[in-house]
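Structural overview
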Amino acid sequence: MSEAITAEQAGWVEVGLEAELPEGHQRAVDVQGVSVLVVRYEGQFYALRNNCTHKDYPLLGGEVSQGRITCEKHGAKFELTTGKPRTLPAVKPVRLYQTRTEEGVVYVGPL
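For the protein chain, the name recorded in an unreviewed UniProt entry is Ferredoxin, with Deinococcus malanensis as its organism.

**Quick word on the overall build of the protein chain**
Summing up its helical and strand segments, the protein chain has zero helices and nine strands in all. Each helix and strand of the protein chain, placed in order from N terminus to C terminus, yields the pattern β-β-β-β-β-β-β-β-β. By the compact-globule yardstick of 13 Å for 111 residues, the protein chain fits well, its C-alpha radius of gyration being 14 Å. Referenced to the eigenvectors of the C-alpha coordinate spread, the extents of the protein chain come out at roughly 55 × 25 × 20 Å. Of all 111 residues assigned to the protein chain, the portion counted as buried reaches 39%. Partitioning the contacts of the protein chain with sequence separation of at least 6, the portion at a separation of at least 24 is 38%. Split by element, the accessible area of the protein chain, about 6500 Å² in all, is 47% carbon and sulfur. Charged side chains of the protein chain number 12 positive and 14 negative; the gap between the two group centres comes to 14 Å.

**Considering the side chain of Thr-70**
Checked against the element boundaries, Thr-70 lands in strand β6 (residues 68-70). For Thr-70, a relative accessible area of 14% puts it in the buried group. Looking at Thr-70, its side chain comes within polar contact range of the side chain of Lys-77, at 3.2 Å. Residues in contact with Thr-70, not counting those within four places in the same chain, are Gly-62, Glu-63, Gly-75, Ala-76 and Lys-77.

**Comments concerning the UniProt feature "domain: Rieske" (unreviewed entry) in the protein chain**
Feature annotation in UniProt assigns "domain: Rieske" (unreviewed entry) to the following positions: residues 13-108. The annotated region residues 13-108 carries 0% helix and 46% strand content, and the separation between its end C-alpha atoms amounts to 5 Å.

**Section: the sheet that holds strand β4 (residues 44-49)**
Strand pairing in a sheet takes place through backbone hydrogen bonds and is either antiparallel or parallel in direction. Here we have six strands laid out as an open sheet, ordered β1-β9-β8-β4-β3-β2, and antiparallel in their pairing. Looking at which strands have only one partner, the edges of the open sheet turn out to be β1 (13-17) and β2 (26-31). On average, each strand axis in the sheet is inclined to that of its neighbour by 30°, with strand direction left out of account. In terms of strand pairing, β2 meets strand β3 (residues 34-41) through six bridges, oriented antiparallel. Bridge pairing in β3 places Asp-30 opposite Ser-35.

**Thoughts on the packing of aromatic side chains**
Applying the stated rule across the entire model yields zero aromatic pairs. Directly above the aromatic system of Trp-12 lies the positively charged group of Arg-100, at a separation of 4.9 Å from the ring centroid.

Scoring rules and cut-offs
- Residues numbered from 1 in each chain as written.
- Predicted model: local features only at pLDDT ≥ 70, side-chain atom pairs only at ≥ 80, totals over all residues.
- Heavy atoms only, no water.
- Helix = DSSP H or I, 4+ residues; strand = E, 2+ residues; numbered from the N terminus.
- Rg over C-alpha atoms; globule rule 2.2 N^0.38 Å.
- Buried < 20%, exposed > 50% of the residue type's maximum accessible area, 1.4 Å probe, protein only.
- Contact = heavy atoms within 4.5 Å.
- Areas by Shrake-Rupley, 256 points an atom, 1.4 Å probe, with all protein chains shown as cover.
- Lys, Arg positive; Asp, Glu negative; His and termini not counted.
- Charge placed at Lys NZ, Arg CZ, Asp CG, Glu CD.
- Polar contact = N/O pair within 3.5 Å; in protein donor to acceptor, adjacent residues only side chain to side chain.
- UniProt positions renumbered as here; feature names shortened; annotations may be inferred.
- Pairing = 2+ DSSP bridges.
- Axes fitted to C-alpha atoms, helices over the stretch in contact; angles between N-to-C directions.
- Phe/Tyr/Trp six-rings, centres within 6.5 Å; stacked < 30°, edge-to-face > 60°.
- Lys NZ or Arg CZ within 6 Å of the ring centre and 35° of its normal.

See the structure below:
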């Protein structure tokens, strides 16, 4: 019998303990050489590339409301669920990543 493969063994990156990531918390982690932003919003974890598609500015620290994150540099808003831009000046979506929780630990990995 083979044992189940854990998230870390499958190439997922640990974000942190779920209990230490309260509502509204944001944290950037490195996934295969790419900075990925993990956001806890309305009890769910969302992960997207930590980079505004308008001018390569980090999204970390941007305001999160109505299911969107706002780039602090020029005000572009991106949906957490789809990565789609909802306001100019951005017109390209942000790449999304998967999140999962195992035994109280949050992980992120590529889609």
